[in-house]
Amino acid sequence: MASRFSYITPSQLISLQQRRNTKLAIVDVRDDERSYDAHIAGSLHYASCSFYERIPDLVRSLQGKDSVVFHCALSQVRGPACAKAFVDYLSQKKDDDDGIKEVMVLERGFQGWEASGRPVCHCTEILCKSESI
């Protein structure tokens, strides 16, 4: 179980996504801007404004994953705060092992991802069905 979070660069995230045995989830915690901006293909959307009460739902949706990457627009406030809340929730959960070994925050957030020319998706789904890299 993850006991803290670390940071990951867009290049490192691309490499991690390309590994065949990776069980990775990307969680976008931006609020309304996800609906009019693009997002990282394959990401989940758990808006920061309702994140804390939805953590149990997120844990269920991450079954089978061992790594999770959080991000917001710049990953300076909302992304790290949600990652910390998620790690705290996991450390307090006593009933079973959730399988999450690593929790990370995407450096420079979505804006850094997009500005560096990384692929994005424009769908409006909570669970983006586009293939991640």
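Residues numbered from 1 in each chain as written. Predicted model: local features only at pLDDT ≥ 70, side-chain atom pairs only at ≥ 80, totals over all residues. Heavy atoms only, no water.

The protein chain carries the name arsenate reductase (glutathione/glutaredoxin) in an unreviewed UniProt entry, which gives Platanthera zijinensis as its organism. Turning to the protein chain, the UniProt annotation filed under Catalytic activity (unreviewed entry) states: "[glutaredoxin]-dithiol + arsenate + glutathione + H(+) = glutathionyl-S-S-[glutaredoxin] + arsenite + H2O". (UniProt positions renumbered as here; feature names shortened; annotations may be inferred.)

Undergrad: Is there a simple way to explain the nonpolar core in this structure?
TA: General note: in soluble globular proteins, nonpolar side chains tend to be found buried as a group. Counting residues in each nonpolar core, the largest one holds 22 residues, and the members touching the most others are Phe 51, Leu 58, Val 68, Phe 70 and Phe 86. Looking at this core, the elements that each hand over two or more residues are strand S2 (24–28), helix H3 (51–61), strand S5 (67–71), helix H4 (78–92) and strand S6 (102–106). Among the elements that take part in this core, H4 stands out by supplying 6 residues, more than any other. In this structure, Val 68 is in contact with Leu 24, Ala 25, Val 27, Leu 62, Phe 86, Ile 100, Glu 102, Val 103 and Met 104, ignoring residues within four places of it in sequence. Grouped together as the second largest cluster of nonpolar side chains are 13 residues, Ile 8, Val 69, Leu 106 and Trp 113 included. (Core = buried A, V, L, I, M, F, W, Y, C linked by side-chain atoms within 4.5 Å. Buried < 20%, exposed > 50% of the residue type's maximum accessible area, 1.4 Å probe, protein only. Helix = DSSP H or I, 4+ residues; strand = E, 2+ residues; numbered from the N terminus. Contact = heavy atoms within 4.5 Å.)

Undergrad: Looking at this structure, I do not really get the pairing of S5. What am I missing?
TA: If a strand is regular, its side chains alternate between the two faces of the sheet. Among the 5 residues in S5, 5 count as buried, and that is most of the element. Neither face of S5 is open: one carries Ser 67, Val 69 and His 71, the other Val 68 and Phe 70, and all of them are buried. Bridge count between S2 and S5: 5 bridges; the pairing is parallel. Pairing of Ile 26 across the sheet is with Val 69, part of S5. Pairing of S5 with S6, which is carried by 4 bridges, proceeds in the parallel orientation. The residue of S6 that forms the bridge with Phe 70 is Val 105. (Pairing = 2+ DSSP bridges.)

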